[in-house]
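A look at the structure
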Amino acid sequence: MKVILVNGSPHPKGCTYTALEEMAKILAEESIETKHFWIGNKPLGGCIDCRKCVKTAHCVFHDVVNEFLEIAGEYDAFVFGSPVHWGATSGNMKSFMDRAFFADFCGNGGRFVFKPTACVASARRSGIVTTTDQMNRYFSLSQMPIVTSRYWDGVHGMNPDEVRKDQEGTQTMRYLARNMVWLMRCLEAGRKNGVKLPEQEPVTFTNFIHD
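These notes cover the structure that comes with them. Sequence order as written defines residue numbering, which begins from 1 separately in each chain. Totals for whole chains, interfaces and linings use all residues, but because this is a predicted model, local features are given only for residues with pLDDT of at least 70 and pairs of side-chain atoms are given and counted only at 80 or more. Note that the side-chain values use all heavy atoms of the structure and ignore hydrogens as well as water.

1. Quick notes on helix H3 (residues 64-72)
- Buried means the residue's accessible area, taken with a 1.4 Å probe over protein chains only, is under 20% of the maximum for its type, while exposed means over 50%, and partly exposed covers the values in between. The helix count covers DSSP runs of H or I at least four residues long, the strand count covers runs of E at least two residues long, and both are numbered beginning at the N terminus. Among the 9 residues in H3, 7 count as buried, and that is most of the element.
- When H3 is considered as a whole, its buried residues turn out to be Val64, Val65, Asn66, Phe68, Leu69, Ile71 and Ala72.
- Elements in contact with the buried residues of H3: strand E1 (2-7), strand E2 (33-38), strand E3 (77-83) and helix H4 (91-106).
- Polar contacts here mean pairs of N or O atoms no more than 3.5 Å apart (in protein, one a potential hydrogen donor and the other a potential acceptor; neighbouring residues in sequence count only if both atoms are side-chain atoms). Measuring from the backbone nitrogen of valine 65 back to the side-chain oxygen at the start of H3 gives 3.1 Å, which picks out aspartate 63 as the cap. Here, residues are in contact when the closest pair of their heavy atoms is within 4.5 Å.

As structure tokens, this is what we get:
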């Protein structure tokens with residue numbers, strides 16, 4: 001089984017990476033293959049609602065979003081990490097998740113549906129809860145089982161060394177990783193014993209204004 005760890009920080013090996021790496025260590029101990037995927041620090045434009053992804057299941061803009069979508073289907077579970085910027089996800093991470101999840105949802109790509117996922121945030125002081133709440137909305141809309149820990153999914157620190165000293169935060173990451181492994185194995189056991197995925201109906205869209 002494989003887990004991809006998406007780093008939405010402008011720093012490739014900063015505080016967010018340090019939190020994700022704490023999870024990666026536990027996943028490796030449990031014989032789960034991991035990959036760090038950094039979205040980079042080049043400006044990422046947001047979704048322009050062109051709807052081209054309905055036909056292609058990819059974004060019309062060929063950048064790191066499509067690089068991620070090309071490999072996302074190979075993974076059994078996902079972790080998305082972001083620093084707290086102004087009490088929310090980083091700007092690039094917001095654009096990245098908007099486009100990746102919209103392309104998969106509208107294009108019926110099936111890369112995310114029913115796959116376990118979690119999000120983590122790194123903060124100097126506050127904003128972790130609002131940031132993780134924001135990221136969790138993508139998962140709930142995509143029918144992804146959301147893995148939880150024993151506390152809010154975040155770490156505190158101004159740099160990686162300070163994050164490593166956040167004993168409760170790093171422990172929360174380890175709980176999160178172990179809980180993810182448990183759920184992945186439960187789902188695998190279900191598949192091996194003939195438990196089918198829920199039946200899917202054609203999606204219905206309605207608006208609040210009607211003739």
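Moving on from the model shown.
2. Things to note about the packing of H3 against H4
- Axes here mean lines fitted to C-alpha atoms, for a helix over just the part in contact, with angles spanning 0 to 180 degrees between N-to-C directions. Interaxial distance between H3 and H4 falls to 10 Å at its minimum, and their mutual angle equals 45°. Of the possible angle classes, the one that applies to H3 and H4 is oblique. Taken as a pair, H3 and H4 cross one another with a handedness that is right-handed. Where H3 abuts H4, its residues Val64, Val65, Phe68 and Leu69 lie against Phe96, Arg99, Ala100 and Ala103. Angle categories: roughly parallel below 35 degrees, roughly antiparallel above 145, roughly perpendicular from 65 to 115, and oblique for all the rest. Crossing handedness is read from the near helix: turned anticlockwise from the far helix by less than a right angle, it gives a left-handed crossing, and turned clockwise, a right-handed one.

3. Comments concerning the sheet that holds E1
- Pairing between strands is defined by DSSP: at least two bridges between them are needed. Read across the open sheet, the 5 strands follow the order E2-E1-E3-E4-E5; overall the sheet is parallel. Of all strands in the sheet, those bounded by a partner on one side alone are E2 and strand E5 (154-156). Direction aside, neighbouring strands of the sheet carry axes that sit 15° apart on average.
- Strand direction decides the pairing type here: E3 and strand E4 (residues 117-123), joined by 6 bridges, are parallel. In the strand pairing of E4, glycine 81 is matched with valine 120.
- On the sheet, helix H7 (residues 167-192) packs against E1, E3, E4 and E5 and is oriented at approximately 170° with respect to E4.

4. Structural notes on the packing of H4 against helix H5 (residues 128-141)
- Where H4 meets H5, the axes come as close as 11 Å, and the angle between the chain directions of the two elements is 5°. As judged from the angle between their axes, H4 and H5 are roughly parallel. Between H4 and H5, the contacting residues are Met93, Lys94, Met97, Asp98, Phe101 and Phe105 on the first element and Gln134, Met135, Tyr138, Phe139 and Leu141 on the second.
- Classification used: nonpolar for Ala, Val, Leu, Ile, Met, Phe, Trp, Tyr, Cys and Pro, charged for Asp, Glu, Lys and Arg, polar for all others including Gly. The residue inventory of the contact of H4 with H5, partitioned by class, reads 8 nonpolar, 1 polar and 2 charged.

5. Some points on the packing of aromatic side chains
- The aromatic pairing rule takes the rings of Phe, Tyr and Trp, using the six-membered ring of Trp, and pairs them if the centres are within 6.5 Å, calling planes under 30 degrees apart stacked, those over 60 edge-to-face and the rest tilted. All told, the structure shown has 14 aromatic pairs when counted by the stated rule.
- With centroids separated by 5.2 Å and ring planes inclined at 75°, the aromatic side chains of phenylalanine 78 and phenylalanine 112 adopt a geometry described as edge-to-face. With a gap of 34 residues between them, phenylalanine 78 in strand E3 and phenylalanine 112 in the loop between H4 and E4 connect regions that are remote in the sequence.
- Overall, the relative accessible area of 0% leaves phenylalanine 78 in the buried class.
- For phenylalanine 112, a relative accessible area of 1% translates into the label buried.
- Joined through ring pairs, the aromatic side chains of Phe37, Phe68, Phe78, Phe80, Phe96, Phe101, Phe112, Tyr138 and Phe139 make up one cluster.
- Two thresholds decide whether a charge sits over a ring: the Lys NZ or Arg CZ must be within 6 Å of the ring centre and within 35 degrees of the ring normal. Over the face of the ring belonging to tyrosine 75 we find lysine 2, whose NZ or CZ atom lies 4.7 Å from the ring centre.
- A cation over an aromatic ring shows up here: arginine 150 above the ring of tyrosine 175, its NZ or CZ 5.9 Å from the ring centre.

6. Description of the environment of leucine 183
- The topology assignment puts leucine 183 in helix H7.
- For the pair leucine 183 and proline 145, spaced 38 residues apart in sequence, the C-alpha separation works out to 8.8 Å.
- What leucine 183 contacts, discounting residues up to four positions off in sequence, is Pro116, Pro145 and Val147.

7. A short note on the pattern of salt bridges
- A side-chain nitrogen of Lys or Arg and a carboxyl oxygen of Asp or Glu constitute a salt bridge if their distance falls within 4 Å. Inspection of the entire model under this criterion finds 9 salt bridges.
- The salt bridge partner of glutamate 30 is arginine 185, with a shortest N-O separation of 3.1 Å. Linking glutamate 30 in the loop between helix H1 (15-29) and E2 with arginine 185 in helix H7, this pair joins segments that are 155 residues apart in sequence.
- Residue lysine 94 is joined to aspartate 98 by a salt bridge in which the shortest nitrogen-to-oxygen separation is 2.8 Å. Residue lysine 94 and its partner aspartate 98 are located together in helix H4, separated by 4 residues, close to a single helical turn.

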